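If you want the building blocks of each chain, they are given just below.
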Amino acid sequence: MKKILIGFIGLMGLLGCGQTPTEVTKVAQQPVLYPDYIGVTIPVDIAPLNFSVVGEDIDKVDVQVTGSKGGALHTHGDYADFDMEEWHALTEQNKGGELTVTVCVRKEGKWLQYQDFKIYVSPYLLEEWGVTYRRIAPGYEVYSHMGLYQRNLSTFEETAILENTQIPGQCINCHMSNRTDPSHFVFHVRGDHGATMIQTDGKREWLKAKNDLLGGSMVYPYWHPSGNYCAFSTNQTRQGFHVIAKERIEVVDLSSDIFVYHPATHEILTDSLIQTKDWSENTPVFSPDGKTLYYMTCKKQEDPNRYKEEQYNLCKIAFDPEKGTFGDHVDTLFNAVAMGKSLTWPRPSYDGRYILFTLIDYGYFSIWHEESEQWLLDLQSGEARPLDEINSPRADSYHNWNVNSRWIVFTSRRDDGLYSRLYLASIDEQGRATKPMMLPQRNPRKYYEDSMYSFNTPDFTKRKVEFDVREASFEIMSDKRIETKVR
């Protein structure tokens, strides 16, 4: 009955629209779309893939979408603006199938019909409510207007978690949920009222941002799957500015160490193997079983002018969650330095199969490195390869997995070279990625052209993050902080 209803709605849409083109001239090429959704793979519950057709003198767009398993929908207007309910009904009916898209445009009073293209509906569910991310002006010289936001992936609804207009002069960054579950949520506030916020089941704690024993702030967090621990990095960084067009900003890590925080006791757990004198340890993440701590490490560079010699490898050390102790040795898991490269932002898939990371020429702040690429390390075979299916000539950087390890979200500057946007792609059982899909918007051309902000540090969230902005703003500005202690 459902299939018949969907097909009937699609047919009525065509018959009921008097503007539908009847006399068309076929064009022997596919349309140029913004965003480029030709051949992408989507989850069934994604928001409609609205798009504009790129070209001069186009004053109307007519689009018909037909499902391989039945159903159809139609839209006609200045751009492809699909009905939300019809879109979701069509994608649900065609799960594991494909959509055929027919695009017609009106130019100078005449209708042209392009060659059809496909959109593939994945059999893999997204199993997430949405994504969280930071939006910030791409200069990073000043904090300006920025904040943490969340977006419902089934609709176009975006809401702020916390904006710095509510805490003037502060920077908000480094947020993370526990395996996409926001009941355990953490982020860092940088500025005169700096703090690290840990929220567990709605209860917030504001930790003193700096600890003399650590030498820096608690940043780059990653939850232990049990929720009983959270790994952090403590970094002393410096920001510099290039004078050539393709290299704008550089973040240099003068010194960094990693540690594990135990919220129940406010204790910092560390070990001489992961806080060394001559090496910088950075960006720790737990394995899905919680028994291994992965992190990056590089030789310290005392001279900031030698920043291009700062190159990181991927290492691991055992972790005992019962005792809160570390293993007796460190293993190098991926030797990027031997390749003349630097590894950054390791993120294990939650099924334990892969580690997704970014490879760049030097350093770890990859978002401004045009050469940055996404790589996938297979933990079963030990083999690593560049994800050529999703990489672009411009910076592809921050990334995270969804809860079932079949989807990734990442940032890329491929759109215009300046602003980082969010893209989604699917990873199958063989580690192959699908063509990336830009985060859908109601009117994507207007949204992205009007936006003056970059997206970064994205993460999936299985439900909306509940956060009391009013109370939190008072708490941040009060400077009441919990002291941490080293065990």
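Just so it is clear, the model here is predicted, and its values are computed rather than measured. (Residues numbered from 1 in each chain as written. Predicted model: local features only at pLDDT ≥ 70, side-chain atom pairs only at ≥ 80, totals over all residues. Heavy atoms only, no water.)

Peer 1: What should I look at first to understand the packing of aromatic side chains in this one?
Peer 2: The geometry of two aromatic rings is summed up by the distance between their centres and the angle between their planes. If you walk through the whole model with that rule in mind, you get 23 aromatic pairs. The interplanar angle of 80° and the centroid separation of 5.0 Å between the aromatic rings of Tyr 447 and Tyr 448 together place this pair among those described as edge-to-face. Here Tyr 448 falls in the buried class, since its relative accessible area comes to 3%. Through pairs of rings, three or more aromatic residues link up here, namely Tyr 220, Tyr 312, Trp 345, Tyr 364 and Tyr 398. The lysine or arginine in question, Arg 135, covers the ring of Tyr 149, its NZ or CZ lying 4.1 Å from the ring centre. (Phe/Tyr/Trp six-rings, centres within 6.5 Å; stacked < 30°, edge-to-face > 60°. Buried < 20%, exposed > 50% of the residue type's maximum accessible area, 1.4 Å probe, protein only. Lys NZ or Arg CZ within 6 Å of the ring centre and 35° of its normal.)

Peer 1: Looking at this structure, I do not really get the sheet that holds strand S34 (residues 421-426). What am I missing?
Peer 2: Sheets are built from strands paired through backbone hydrogen bonds, the pairs being either parallel or antiparallel. Read from one edge of the open sheet, four strands run S32-S33-S34-S35, paired in antiparallel fashion. Bordering the open sheet on either side are strand S32 (396-401) and strand S35 (437-438), each of which pairs with just one other strand. Note that S34 and S35 share two bridges and pair antiparallel. From the neighbouring strand, Leu 424 faces S35, where its bridge partner is Met 437. (Pairing = 2+ DSSP bridges. Helix = DSSP H or I, 4+ residues; strand = E, 2+ residues; numbered from the N terminus.)

Peer 1: What am I meant to see in the sheet that holds strand S13 (residues 171-178) here?
Peer 2: Strands sit in the order S13-S14-S15-S16 across an open sheet of four strands; the sheet is antiparallel. Strands at the two margins of the open sheet, each flanked by one partner only, are S13 and strand S16 (203-208). Sheet twist, expressed as the mean angle between neighbouring strand axes with direction ignored, is 20°. Of the strand pairs in this sheet, strand S14 (residues 181-190) and strand S15 (residues 195-200) are connected by six bridges, and their pairing is antiparallel. The residue bridging Phe 187 from the neighbouring strand is Met 197, located in S15. Here helix H4 (residues 469-478) sits on the sheet and contacts S14 and S16; the angle it forms with S16, its principal contact strand, is near 20°. (Axes fitted to C-alpha atoms, helices over the stretch in contact; angles between N-to-C directions. Contact = heavy atoms within 4.5 Å.)

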